[in-house]
Amino acid sequence: MTIPESVIIDRKNRRFSWSKAKLGAMWLAVLAVAVGTVLPVAATAAGNDRSEGVPAVVLPFPELRFDRPGAVPALERSLMEQAADYVTKNQLAQFSVPREPRKGDTPGKQAAEAMKLPAVLKYQYAFGSDSELTYNKNPDLDGRVRDDTIIFAPTLFGLLTYRPYAWLDTTLELTAERQIALQEEDRVVLPDGSVTLKEKKRLSLLVDQANVTFKKLGPFAITVGRRNYEDERLWLYDVALDGFHVNYKQGDFHAEASVSREGYFDGELLFRVPRGNIDNFMLYMEYRGIEDNKLAAYAIQRNNRWTPDRPLHLGARMYGKPADRFNYWIELAMTRGHDDERHDFKGEAFDVGAQYRFLDLPLQPSVTLGYAFGTGDRDPNDNKNNEFRQTGLQSNEGRFHGVTQFKTYGEMLDPELTNLRILTAGVGFRPAGNVFFDLVYHNYRLVEMAEGDLFSSSVTAQLNQDGMNRSKDVGNEIDIILGFRNLFGFRKFGFEVRSGWFFPGKAYRNPEGDPDAPTGFRGADNAFSMLAVIIL
């Protein structure tokens, strides 16, 4: 009997690391002292826009957005701007220790001095929590199989930045999370015959960021350590990476180059996790000389140290907001290099869309329309792989009308843009000053006829099992997104609901009788997912 690798890893990781626990406790104590300090401070109110300039998808209500802090977009921003991403979800504290009174200072002079903002803020901190309840129903599209899950995950996080000199920034961010399975099967047989076992749920204390940034190097800044990466549309990356990062900023031209690996260091302080095995080499360049628009190009090479997989991701993008009522995005991308079978990648993709807002009408409605296309591989037996692949670091999340981020390719299906055509249409409203609503529709079709599971999708069902009724019709999905802010008069109190109903198309049919020798096939069952989040 072969023991699954997940079980082997779990047994290896049961040892408790007291040294890591002590380190985590120490940093939590530092955060607690920073949060609870009664020192007089010189504080500023920071904005909450995640980007410099024009957002890829318009964010019409920045004062009501609740974003996790410390996210670094494709291009380096100042630490003040990064920390500002926390604001509204968690009030950002930025302060410097006041100077000692000088001889001859009057009380009036001291009071006036205290009101001045320092040129360099020595300390910054942010803290907050969110509690997520995730419900997934019927991910294998077969109602006869018990595979529904309900997971509750309360989370606390804190960020501390220390700036001893104007040319040096140090940042630490910790996240504590405890997943609790309210409903989960111990053992589930997937449609492809593989078996998944229930994962052990335990307290996690993760170092999300730990880095040092050297500034004042002319147009350059250098960051060493772990930091969060987010591109404007989360279409390339939304992940924490360990490595070496160089940023260049000169006029309207910005660039960033980095060498990194996800999980190079074990950032989990309470138990051991496997180290990452993929090296990343990234170059991102952006031009901002066109008013209210951004033009960018990138190259991302990912080398798997354990397999021959060496994809090269190349692309160009343009996005902007030429008017208050209108914004757009254009993504053009290709995949080169070779896959884990040493087949040469020859994949292409595009993702285009626009949104128009009727600002003068009641409820301020908006309309969004998008179309995405990623090539597939028609002949898997030749020496070419024509599938387009995204980087594997992306989350494909964004906003349309409201303040809540959601999966822009579908909350339930949540596919990667591989061998797919995705038509998206959405409408949004603002029923009240602090309530936001999005209704989003997706239609999915295969580009090339295919079997097996949909690449990197949350749905585990197999495509085209019925050889007599093959189809490219993957199905449709309807998503409902709700966002509430400033509930009951509390500025930090928010609530979000993201839900998706997936209706399988003709490409999904379930076997009747013995799966290995089916007596017939029937239509697949619908699937549903919901994520509810309480934000404090």
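The structure this text deals with has already been given above.
Going along each chain's sequence as written, the residues are numbered from 1 onward. A pLDDT threshold of at least 70 governs which residues receive local features in this predicted model, and a stricter bar of 80 or more applies before side-chain atom pairs are shown or counted, although totals over entire chains, interfaces and linings include all residues. Note: side-chain values were computed over all heavy atoms of the structure, leaving out hydrogens and water.

Draft legend 1. Quick look at the pairing of strand E10 (residues 220–230). A simple rule labels every residue: compare its accessible area, found with a 1.4 Å probe on the protein chains alone, to the largest value its type can have, and call it buried under 20%, exposed over 50%, or partly exposed in between. Helix and strand labels come from DSSP, where a helix needs a run of H or I of at least four residues and a strand needs a run of E of at least two; each type is numbered from the N terminus. With eight of eleven residues buried, E10 is to be regarded as a mostly interior element. With six bridges joining them, strand E9 (residues 203–217) and E10 adopt antiparallel strand pairing. Across the sheet, residue Asn211 finds its bridge partner in E10, namely Gly225. Paired strands, as defined in this entry, are two strands with at least two bridges between them according to DSSP. Hairpin geometry of E9 and E10 is characterised by an intervening segment of two residues between the two adjacent antiparallel strands and by a positive phi of about 70 degrees at Gly218. Examined bridge by bridge, E10 and strand E11 (residues 238–250) share eleven bridges and lie antiparallel to one another. Within E11, the position partnered with Val224 by the bridge is Phe244.

Draft legend 2. Spotlight on the nonpolar core. Remark: nonpolar core denotes a set of buried residues (Ala, Val, Leu, Ile, Met, Phe, Trp, Tyr, Cys) joined through side-chain atoms within 4.5 Å. Of all hydrophobic cores here, the largest spans 38 residues; its most connected members are Tyr237, Val474, Phe502 and Tyr508. Going through the elements one at a time, E11, strand E13 (278–287), strand E14 (293–304), strand E16 (326–338), strand E23 (420–432) and strand E24 (435–446) are the ones with two or more residues in this core. At three residues, the largest contribution of residues to this core is made by E14. Those residues in contact with Tyr508, other than ones at most four positions away along the chain, are Leu141, Leu454, Val459, Ala461, Gln462, Leu463, Val474, Phe502, Gly523 and Ala524. Counting residues in each nonpolar core, the second largest holds seven residues, with Leu205, Leu269, Leu270 and Phe271 among its members. A contact between two residues is defined here by any heavy atoms of the two lying within 4.5 Å.

Draft legend 3. A nonpolar patch on the surface, seen in detail. Nonpolar side chains (Val, Leu, Ile, Met, Phe, Trp, Tyr) are joined into patches within 5 Å and like charges within 9 Å, using only residues with over 30% relative accessible area and no salt bridge. Surface accessibility in these figures is a Shrake-Rupley result with a 1.4 Å probe; residues are shielded only by whichever protein chains are displayed. Salt-bridge detection follows one rule: a side-chain nitrogen of Lys or Arg within 4 Å of a carboxyl oxygen of Asp or Glu. Together, Phe326, Tyr356, Phe358, Leu361, Val367, Val427, Leu439, Tyr441, Ile478, Trp501 and Phe503 make up an exposed nonpolar region whose accessible area comes to about 850 Å². Counting through the fold element by element, Val427 comes out in strand E23. We classify Val427 as partly exposed; its relative accessible area is 30%.

Draft legend 4. Focus on the pairing of strand E28 (residues 494–504). A large share of E28 lies buried, amounting to eight of its eleven residues. Sheet analysis places strand E27 (residues 473–484) next to E28, joined by ten bridges and oriented antiparallel. Considered in E28, the bridge of Glu477 is made with Phe502. As judged from the nine bridges shared by E28 and strand E31 (residues 527–535), these two strands associate in the antiparallel manner.

Draft legend 5. Just the pattern of salt bridges, in detail. Per the stated rule, a full pass over the model turns up 30 salt bridges. The residue Arg233 makes a salt bridge to Asp351 at a minimum N-O spacing of 3.7 Å. Of this pair, Arg233 sits in the loop between E10 and E11 while Asp351 sits in strand E18 (residues 347–357), and the two are 118 residues apart along the sequence. The exposure class assigned to Arg233 is buried, which follows from its relative accessible area of 10%. Owing to a relative accessible area of 3%, Asp351 belongs among the buried residues under this scheme. One continuous salt-bridge network, built from bridges that share partners, spans Asp142, Arg144, Glu512, Arg522 and Asp525.

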